[in-house]
Amino acid sequence: MYRLTNEQYLDLYYYMRLTREFEETILKLYRQGKIVGGAYTGNGNEATAVGSAFALEKHDYLFPMHRDMGAHLVKGQTLRNLMLQHLARGNSLSKGRDGTGHYADPPLRIYGNISHLGAMVPMACGVALASKLRREGSVVLTYIGDGGSNVGDIHEALAMASVQRLPLVLIIENNQFAYSTPVAKQKAMEKYSDRAMGYGMPGFTIDGTDIEEVYQVCKQAVERARRGVGPTLIESVTMRMHGHSAHDGADYVPKELLAEWRKKDPVERIERTLIERKVLTPSVKAQYEEKIQATLDDAVRFAVESPYPPGEEAVVGVYAE
Amino acid sequence: MALLTYIEAISKGLWEEMERDESVILLGEDIGKFGGAFKVTKGFLDRFGEERVIDTVLAETAILGAATGAAVVGMRPVAEMQFADFVTTGFSQLVNNTASIHYRWHIPCPMVVRLPSGAGIHGGPFHSRNPEAWFFHQPGFKIVAPSFPHDAKGLIKAAVRDNNPVIYLEHKRLYRHVKGEVPDTDYTIEIGKGVVRREGNDLSIITYGATVHQALETADAMAKEGVSVEVVDLLSLMPLDTELILASVRKTGKALIVHEDNLTGGIGGEIAAIISEKAFEHLDAPVRRLGALDIPTPYSPPLEEFFLPNAKKLTAAARELAAY
Ligand SMILES: Cc1ncc(C[n+]2csc(CCOP(=O)(O)OP(=O)(O)O)c2C)c(N)n1
């Protein structure tokens, strides 16, 4: 067991709240027409994104997906940078070439997703391989959705990772839907973690709304990978509480299902726990809220005031020097 | 006759083919109750049922491979990729298997791959592809790219009935922006035949898909300057309507080839080669090409605008060519 200190608990709470507020702001900006492309949230997935990334060290690598804004934040990404990405500004990490979490930040060891589901995981294997060959002791954490986990790339990546004993942790975020398709139409077995057996690697299914469980299981997987024993597959069971993206009203999701999952809202859950344990006092909570609001306001202001890249810059940088 | 959008015309044609022929089945992600990401198959599930409107697992190799398998034993599958870009995830099936089946096995592979393609919708590098050149280079595919609702319906019906794998490019920006008269009748458009959209004498713009509309704007603009522009809409990219291209160029003596796909290695290069081989002596100016820049599709609006062709860029190119 990796015991969490009260201080760590408060950190987790802070990052989950921050994720929630950041994504609410993104939706607001989207509705105001300030985001020209798609806008995705991980509402319901905050404990999974935050708790898993919290299990990483600074020198570990993160390959996040579109529900994992919390992981970007835990890994040290600033709200300003994330806001610039969403608003496609010239001074964003991708220089406006791509949006949302699609950027690379090598100093932070964050490598954002490409849209093609599954495609990132073989690449994450390569990073894990490099870490292994250079005796870095760095672990690679990556994610895929319940739907995306059916893409063949995932199978190939897990085959390689398990045979090569790569320091890789893959989380399958089973949030009940892949766009409009319910998970029952994506798999015939009971649990996604059952797949692990086929690769000879450990597999776990966890309650993805329970921050403590997420952290414990991810931390064990990460440290196992670090010891060179090999990869782990974790199915994190959550709910996609919002539409697929901001444009999607998701009326195909049964209201009762949402109501059921709302009771397990991960952000409210950690808040309740910490209040019960008297770790989160009203004054600390107020402090956090103030800090989050101020950072968000700053990020929005900074990003809105930052210019788009000039059109002519489009041609720069197809090839490295 | 009915006034339909481009996307409604595709749906209409597909619907009619499913009514006509029980062997037509649909495979794709979210195409059932949801009607697909762009709603091409909205209402199909209720009418044709789960056995013919198949909401698949999220796996393009499985979709395209299964479509191929069903086709070789006599069904007529229509596979939808959620975005054209994601066809790459199942690429091996198509280019290695599907395309060469008739050549190797001497049996037809009658299937359609529907690809919502194109940029200009702030889709960034992964939701903006114009993938035609990949398939153009691989013998065995037919490729169609309608620009108006009338042809969108006629070509989807022809594609379903064709005994070869047909790549059907449907431009996302045209979906709801282009409307036109579409007959209610059961008609098809012959694959391999283009049309002259606008007659003209001074120069030919040869194009297909979304840029047809820009070419028509350009023709209007040039008419005001006293230049008569002919607009050739190819409709089919494989086979190419070589006769139509050559007839137009022989008449006008000047060719501007335009596509939204990026220039290098694009289909425009092949058309230019055909013109220079077969109509060289009729040319009054070097063949001119215009396409997107040779970069990945960028996300930020000014970058994307700089990257893409548009009516202004076409008009500038046409003006230069006319003055040559
Ligand atoms: C290879 C591929 N096919 C299709 C898509 C289109 N697409 C984007 S997200 C999505 C649903 C993803 O569902 P899931 O993997 O369960 O993740 P979730 O969005 O539910 O977190 C689809 C079909 C894609 N991005 N990549």
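Residues numbered from 1 in each chain as written. Chains lettered and ligands numbered in written order. Predicted model: local features only at pLDDT ≥ 70, side-chain atom pairs only at ≥ 80, totals over all residues. Heavy atoms only, no water.

Trainee: Would you mind showing me how to read the overall build of chain A here?
Mentor: Helices and strands together make up the secondary structure of chain A, namely 11 helices and 9 strands. Here the C-alpha radius of gyration of chain A, 19 Å, is about what a compact globule of 321 residues would show, namely 20 Å. Overall, chain A is about 55 × 50 × 40 Å in size when its C-alpha atoms are taken along their principal axes. Counting the 321 residues in chain A, one finds 56% classified as buried. In chain A, 75% of the contacts between residues at least 6 apart in sequence involve partners at least 24 apart. Here chain A has roughly 13,600 Å² of accessible surface; of this, 53% comes from carbon and sulfur atoms. Distance from the positive charge centre (38 side chains) to the negative charge centre (40 side chains) of chain A: 3 Å. (Helix = DSSP H or I, 4+ residues; strand = E, 2+ residues; numbered from the N terminus. Rg over C-alpha atoms; globule rule 2.2 N^0.38 Å. Buried < 20%, exposed > 50% of the residue type's maximum accessible area, 1.4 Å probe, protein only. Contact = heavy atoms within 4.5 Å. Areas by Shrake-Rupley, 256 points an atom, 1.4 Å probe, with all protein chains shown as cover. Lys, Arg positive; Asp, Glu negative; His and termini not counted. Charge placed at Lys NZ, Arg CZ, Asp CG, Glu CD.)

Trainee: I tried to follow the sheet that holds strand β14 (residues 288-292) of chain B on my own but got confused; where do I start?
Mentor: In a beta sheet, neighbouring strands pair by backbone hydrogen bonds and run either parallel or antiparallel. All names here are of chain B. With mixed pairing, 5 strands are arranged side by side in an open sheet as β9-β11-β10-β13-β14. Edge positions in the sheet fall to β9 (195-198) and β14, since each has one partner strand and no second. This sheet shows a mean twist of 25 degrees between the axes of neighbouring strands, independent of strand direction. The pairing of strand β13 (residues 255-262) with β14 spans 4 bridges and is parallel. The residue of β14 that forms the bridge with leucine 256 is arginine 288. Lying over the sheet, helix α9 (residues 242-252) contacts β9, β10 (203-207), β11 (229-233) and β13, oriented at roughly 160 degrees with respect to β10. In this fold helix α12 (residues 311-323) packs onto β10, β13 and β14, with an angle of close to 155 degrees to the strand it touches most, β13. (Pairing = 2+ DSSP bridges. Axes fitted to C-alpha atoms, helices over the stretch in contact; angles between N-to-C directions.)

Trainee: For this particular structure, what's the right way to read the domain arrangement of chain B?
Mentor: Buried accessible area, meaning the area lost when the parts come together, often serves as the stated size of an interface. All names here are of chain B. Assigned domains within chain B: domain 1 (2-182) and domain 2 (195-322). Once you take the C-alpha centre of each, domain 1 and domain 2 turn out to be 26 Å apart. In this assembly, 27 residues from domain 1 lie in contact with 27 residues from domain 2. Carbon and sulfur atoms make up 61% of the area that domain 1 and domain 2 hide from each other, which totals about 2,200 Å². (Domains from an automatic or database assignment. Buried area = accessible area lost by both parts, 1.4 Å probe.)

Trainee: Teacher, can you tell me more about the state of the cysteines here?
Mentor: Joining two cysteines, a disulfide is a covalent bond between their sulfur atoms. Residue and element names in this part refer to chain A. Scanning the entire structure with this criterion turns up 0 disulfides over all chains. With no disulfide of its own, cysteine 125 lies closest to cysteine 218 among cysteine sulfurs, the gap being 17 Å. For cysteine 218, a relative accessible area of 1% puts it in the buried group. (Disulfide = S-S within 2.5 Å.)

Trainee: Is there a simple way to think about the interface of chain A and chain B in this case?
Mentor: With 38 residues of chain A in contact, the opposing surface of chain B contributes 30 residues. A combined buried area of about 2,700 Å² lies between chain A and chain B, and 67% of that area is made up of carbon and sulfur atoms. Our count for the contact surface shared by chain A and chain B stands at 1 salt bridge. Notably, a salt bridge pairs lysine 185 of chain A with aspartate 55 of chain B, separated by 3.5 Å at the nearest N-O pair. Counting every contact that joins chain A to chain B gives 10 residue pairs in polar contact (both at pLDDT 80 or more). When grouped by side-chain class, the residues that make up the side of chain A that touches chain B number 15 nonpolar, 16 polar and 7 charged. (Salt bridge = Lys/Arg side-chain N within 4 Å of Asp/Glu carboxyl O. Polar contact = N/O pair within 3.5 Å; in protein donor to acceptor, adjacent residues only side chain to side chain. Nonpolar A, V, L, I, M, F, W, Y, C, P; charged D, E, K, R; others polar.)

Trainee: For this particular structure, what's the right way to read the pairing of strand β2 (residues 24-28) of chain B?
Mentor: As a general feature of sheets, a regular strand has side chains that alternate between the two faces. Residue and element names in this part refer to chain B. With 5 of 5 residues buried, β2 lies mostly within the body of the structure. Residues Val24, Leu26 and Gly28 line one face of β2 and the alternating positions Ile25 and Leu27 line the opposite face, and both faces are buried. Here β2 pairs with strand β4 (residues 76-80) via 5 bridges, running parallel. Residue pairing in the sheet places leucine 26 in a bridge with valine 78 of β4. Here 3 bridges tie β2 to strand β3 (residues 53-55), and the two strands are oriented parallel to one another. If you follow glycine 28 over to β3, its bridge partner there is aspartate 55.

Trainee: For this particular structure, what's the right way to read the environment of tyrosine 208 of chain B?
Mentor: Residue and element names in this part refer to chain B. Summarising the element assignment, tyrosine 208 is placed in the loop between β10 and α8 (211-224). Note on tyrosine 208: relative accessible area 6%, which makes it buried. Residues tyrosine 208 and histidine 259, 51 residues apart in the sequence, show an inter-C-alpha distance of 6.7 Å. The residues touching tyrosine 208, leaving out its near neighbours within four places in the chain, are Glu132, Ala145, Asp233, Leu234, Leu235, Leu237, Val258, His259, Asp261 and Ile267.

Trainee: Please explain a nonpolar patch on the surface as it appears in this structure.
Mentor: Residues Val315 and Val316 of chain A together with Phe306 of chain B make up a contiguous nonpolar surface patch of roughly 240 Å² in combined accessible area. As for its placement among the helices and strands, phenylalanine 306 of chain B is situated in helix α11 (residues 301-307). Owing to a relative accessible area of 33%, phenylalanine 306 of chain B belongs among the partly exposed residues under this scheme. (Patch = residues over 30% accessible without salt bridge, like charges linked within 9 Å, V, L, I, M, F, W, Y side chains within 5 Å.)

Trainee: Would you explain helix α7 (residues 149-161) of chain B in this entry?
Mentor: Since one α-helical turn is 3.6 residues long, residues separated by three or four positions face the same way. Residues and elements named next belong to chain B. An ideal rise of 1.5 Å per residue puts 18 Å on 13 residues; α7 measures up with 19 Å between its terminal C-alpha atoms. Most of α7 sits inside the fold, with 11 of its 13 residues counted as buried. What α7 keeps buried is the set Pro149, Asp151, Ala152, Lys153, Gly154, Leu155, Ile156, Lys157, Ala158, Ala159 and Val160. (Expected span 1.5 Å × (residues − 1).)

Trainee: Where do I start with the side chain of histidine 116 of chain A in this structure?
Mentor: Mapped onto the fold, histidine 116 of chain A is located in the loop between β3 (110-111) and α5 (120-133). For histidine 116 of chain A, a relative accessible area of 11% corresponds to the buried category. The contacts of histidine 116 of chain A, once residues within four sequence positions are left out, are Asp85, Phe86, Thr88, Thr89 and Phe126 of chain B.

Trainee: What am I meant to see in the packing of helix α1 (residues 6-31) of chain A against helix α10 (residues 266-276) of chain A here?
Mentor: Working note: a packed helix pair is described by the angle between its axes plus the distance between those axes. Residue and element names in this part refer to chain A. Contact geometry of α1 with α10 gives a least axis separation of 10 Å together with a crossing angle of 150 degrees. Taken together, the axes of α1 and α10 are roughly antiparallel relative to one another. Between α1 and α10 the crossing geometry is left-handed. The segment α1 lies against α10, with Tyr9, Leu10, Leu12, Tyr13, Met16, Arg17 and Arg20 engaging Pro266, Val267, Ile270, Glu271 and Leu274. (Parallel < 35°, antiparallel > 145°, perpendicular 65-115°, else oblique. Left-handed = near helix turned anticlockwise from the far one by under 90°.)

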